[in-house]
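Fold and contact review
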Protein chains: 2
Amino acid sequence: MPTERIRDHAGQGATTVAARRRRLRADQARQLADLLRQQVLTGGFPDGTLPHETAIGADYRTTRNTVRQALDLLRAEGLVERLPGVGTVVVAEKYPHGLDRLMGLAETLREHGRVSNEVRSAGPVAAPAPVAERLRVPVGSDVLYIERLRRLNGLPLSLDLTYIPLDLGTALLGADLENTDVFRLLEAITGQPLGHAEITLEAVNADAHSATVLQAPRGSAVLMLERLTHLADGRPVDLEFIRFRGDRITMSGLLRRSL
Amino acid sequence: MPTERIRDHAGQGATTVAARRRRLRADQARQLADLLRQQVLTGGFPDGTLPHETAIGADYRTTRNTVRQALDLLRAEGLVERLPGVGTVVVAEKYPHGLDRLMGLAETLREHGRVSNEVRSAGPVAAPAPVAERLRVPVGSDVLYIERLRRLNGLPLSLDLTYIPLDLGTALLGADLENTDVFRLLEAITGQPLGHAEITLEAVNADAHSATVLQAPRGSAVLMLERLTHLADGRPVDLEFIRFRGDRITMSGLLRRSL
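Remember, predicted model here, so these are calculated numbers, not experimental data.

So, the overall build of chain A
Looking only at helices and strands, chain A features eight helices and 11 strands. What you see for chain A is a C-alpha radius of gyration of 23 Å, clearly larger than the 18 Å of a compact globule of 259 residues, by over 25%. Taking the principal axes of the C-alpha coordinates as reference, chain A spans close to 65 × 45 × 40 Å. Looking at the 259 residues of chain A, the share that counts as buried comes to 56%.

The structure is reproduced here in structure tokens:
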């Protein structure tokens, strides 16, 4: 990243030379960190060890100080650890969740291990208006509420709050919620496949209580997914509010320019 | 949310009654907050004011303490403010970014206002291996690097780091990068539409420097998007690393069970 060749539009004005240099190095560290983090997450370092700082500096045509600052950014994210005498090693435990097809957690992570669900609560609740409208049931009628802490190979991944119409929910209550995706159970109960889901994704800071449940640091970034899932016949049957630990999940998909 | 009817699986063991009650109230506050936040974000309170605490408590069959705790969660996220004598008002400035079609920022937010771009740097850099491989250019050959802080109606929305093959990049350098999406410019320069993009989404905590640039609190949640965009003929032409302020963007789309 040979900075002297880059036109810099924003450094004009009354900033001092030292402040400008610090900002430039921070910009370059982020630039390098983004390239390295992509390799970390996609298995670009097969033996789990990053090259030596000087080798990275040569490959990316940047200074050792910038390399150190970039590695610090990745360490702060929990993606690498720097071990004296060993170097920089990958410690990320981040799993890919498909964004292309509607899938349950156990389905999408099948090749990465076993998903288990701690059912924190499960039972009927009177549907508040926003739930009733979306599930197309009368306001105040009972729906099944399920709250699950979901783990992959024992590691907490997500906290899921789920609302299901009670005609399907009653059968769900007797099912093996600890070891089975709700998607699979809904398909088994109704005898028809799911159709589609409307989703909304956001990044939020975990509140203290959610962080405790997810065993994550307070304030840590959470990927929040709201999802309304419909059966193949169009009936909405599953409203979920899901908090994924940001350090454990990536979502990947493909977008097209024309539909 | 009548708690006594909910089977509680996780509260067993040596927790005290008081601790169990606190946990239960925190669970219910999150449950309520998720329902209210969805309404806040989708314009469910047309006059921008939430009902009184007691009205919310009645609607959701929960206590006033739980309502207060839920509103505190929304306030901590910057979605509402609580004004003495007025009540709880919506202050969210969160805009929907489509996840269904490949669109530039100005295109997707067209109805919400004007997108402007502060070009922090723009110029050729020697392509490091991870950039060269993805853009299918020789390692070390020049590519155009652009760094932009993107604003909607003056509010910082995202920080975009962009790599473009130099044969297209040279024409881009002379274009109006301040006011035009790179997507539009690439289509104008190449005379063909874009085809598809591979995307990866993550939630991360903003490092100190990125937070400063985005004018967001240090550590605030960022929606990180990595995107490799191809022309209709399949050629990869645009590799981007985008940090969206978590409090300013939601991503919405539709998933199908079968492809």
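Observations regarding the packing of helix α1 (residues 17-41) of chain B against helix α3 (residues 64-76) of chain B
Residues and elements named next belong to chain B. At their nearest, the axes of α1 and α3 sit 8 Å apart, and the two run at 60° to each other. The angle between α1 and α3 places the two elements in the oblique class. The two elements α1 and α3 cross, and the hand of that crossing is right-handed. Judged by residue contacts, Arg 25, Ala 26, Gln 28, Ala 29, Arg 30, Leu 32, Ala 33, Leu 36 and Arg 37 of α1 engage Asn 65, Thr 66, Val 67, Gln 69, Ala 70, Leu 71, Leu 73 and Leu 74 from α3.

Points about the packing of helix α6 (residues 166-173) of chain B against helix α7 (residues 182-190) of chain B
Residues and elements named next belong to chain B. Packing of α6 against α7 leaves a shortest axis separation of 10 Å and a crossing angle of 110°. As the angle between them shows, α6 and α7 are arranged roughly perpendicular. In terms of crossing hand, the pair formed by α6 and α7 is right-handed. Residue-level inspection shows Leu 168, Ala 171 and Leu 172 of α6 in contact with α7, the latter providing Val 182, Leu 185, Leu 186, Ile 189 and Thr 190.

Topic: the interface of chain B and chain A
How big an interface is tends to be expressed through the accessible area that disappears when the partners come together. Taken together, the contacts link 89 residues of chain B with 89 residues of chain A. Interface of chain B and chain A: buried area, both sides summed, is about 7700 Å²; carbon and sulfur atoms make up 54% of it. Applying the counting criterion to the chain B and chain A interface returns 14 salt bridges. Notably, a salt bridge pairs B:Glu187 with A:Arg257, separated by 3.0 Å at the nearest N-O pair. Viewed at the interface, chain A and chain B are joined by 38 residue pairs in polar contact (both at pLDDT 80 or more). Element by element, the count of residues in the side of chain B that touches chain A is highest for strand β8 (residues 194-205) of chain B, at 12 residues. By residue class, the composition of the side of chain B that touches chain A is 42 nonpolar, 19 polar and 28 charged. As paired elements, strand β8 (residues 194-205) of chain A and strand β11 (residues 249-256) of chain B share six bridges and run antiparallel to each other. Across the sheet, the residue bridging to A:Thr200 is B:Ser252, located in β11(B).

Here we look at the relation of the copies chain B and chain A
In screw terms, the move from chain B to chain A is a rotation of 180° and a rise of 0.0 Å along the axis, fitting with an RMSD of 0.0 Å. Both chain copies can therefore be described as sitting about a two-fold axis. Looking at the interface residues of chain B, 100% of them are also at the interface in chain A, so both copies use one shared face.

A look at the pattern of salt bridges
Proximity of charged atoms lets side chains of opposite charge pair with each other. All names here are of chain A. With the rule as written, the count across this model stands at 52 salt bridges over all chains. Here Glu 118 ties to Arg 151 by a salt bridge, and the two come within 3.2 Å at their closest N and O atoms. With Glu 118 in strand β5 (residues 115-126) and Arg 151 in strand β6 (residues 142-152), this residue pair connects regions lying 33 residues apart in the sequence. Glu 118 sits in the partly exposed class, given a relative accessible area of 28%.

Focus on α3(B)
All names here are of chain B. The first and last C-alpha atoms of α3 sit 18 Å apart over 13 residues, in line with the 18 Å expected at 1.5 Å per residue. Of the residues making up α3, those classed as buried are Thr 66, Val 67, Ala 70, Leu 71 and Leu 74. Take α3 and look down its axis: the buried residues cluster within an arc of 135°, on one side only. Within two residues after α3, Gly 78 carries a phi angle of roughly 80°, on the positive side.

Section: the domain arrangement of chain A
Domain parsing of chain A yields domain 1 (3-90) and domain 2 (95-252). One C-alpha centre belongs to domain 1 of chain A, the other to domain 2 of chain A, and the line joining them spans 37 Å.

A short note on the nonpolar core
Counting 70 residues, the largest nonpolar core has A:Leu172, A:Leu201, A:Met251, B:Leu172, B:Leu201 and B:Met251 as the members making the most contacts within it. Those residues in contact with A:Met251 that lie beyond four places of it in its chain are A:His97, A:Leu99, A:Leu201, A:Leu223, A:Leu225, A:Phe244, B:Ile199, B:Thr200 and B:Leu201.

Focus: the UniProt feature "domain: HTH gntR-type" (unreviewed entry) in chain A
With numbering matched to this structure, UniProt assigns "domain: HTH gntR-type" (unreviewed entry) to residues 26-93 of chain A. End C-alpha atoms of residues 26-93 of chain A are separated by 26 Å, and the span's content is 53% helix alongside 12% strand.

So, the environment of A:Ser121
Residues and elements named next belong to chain A. When you line up the elements, Ser 121 lands in strand β5. What makes Ser 121 buried here is its relative accessible area of 8%. Considered as a pair, Ser 121 and Tyr 95 are 26 residues apart in the sequence and their alpha carbons are 26 Å apart.

Considering helix α7 (residues 182-190) of chain A
Every α-helical turn comprises 3.6 residues, leaving residues that sit three or four positions apart pointing alike. For α7(A), the complete set of buried residues consists of A:Val182, A:Phe183, A:Leu185, A:Leu186 and A:Glu187. At the C-terminal side of α7(A), A:Gly191 shows a positive phi close to 70°.

Brief notes about unusual backbone geometry
Look at A:Arg136: it is not a glycine, yet its phi comes out positive at around 55°. With respect to the element layout, A:Arg136 can be found in the loop between α5 (129-135) and β6. Notably, B:Arg61 is not glycine yet its phi reads approximately 50°, a positive angle. With respect to the secondary-structure elements, B:Arg61 resides in the loop between α2 (53-59) and α3. Classification of B:Arg61 by relative accessible area gives partly exposed; the value is 48%.

Cut-offs and rules
Residues numbered from 1 in each chain as written. Chains lettered and ligands numbered in written order. Predicted model: local features only at pLDDT ≥ 70, side-chain atom pairs only at ≥ 80, totals over all residues. Heavy atoms only, no water. Helix = DSSP H or I, 4+ residues; strand = E, 2+ residues; numbered from the N terminus. Rg over C-alpha atoms; globule rule 2.2 N^0.38 Å. Buried < 20%, exposed > 50% of the residue type's maximum accessible area, 1.4 Å probe, protein only. Axes fitted to C-alpha atoms, helices over the stretch in contact; angles between N-to-C directions. Parallel < 35°, antiparallel > 145°, perpendicular 65-115°, else oblique. Left-handed = near helix turned anticlockwise from the far one by under 90°. Contact = heavy atoms within 4.5 Å. Buried area = accessible area lost by both parts, 1.4 Å probe. Salt bridge = Lys/Arg side-chain N within 4 Å of Asp/Glu carboxyl O. Polar contact = N/O pair within 3.5 Å; in protein donor to acceptor, adjacent residues only side chain to side chain. Nonpolar A, V, L, I, M, F, W, Y, C, P; charged D, E, K, R; others polar. Pairing = 2+ DSSP bridges. Least-squares fit on C-alpha atoms with pLDDT ≥ 70 in both. Expected span 1.5 Å × (residues − 1). Arc of directions from axis to C-beta. Domains from an automatic or database assignment. Core = buried A, V, L, I, M, F, W, Y, C linked by side-chain atoms within 4.5 Å. UniProt positions renumbered as here; feature names shortened; annotations may be inferred.

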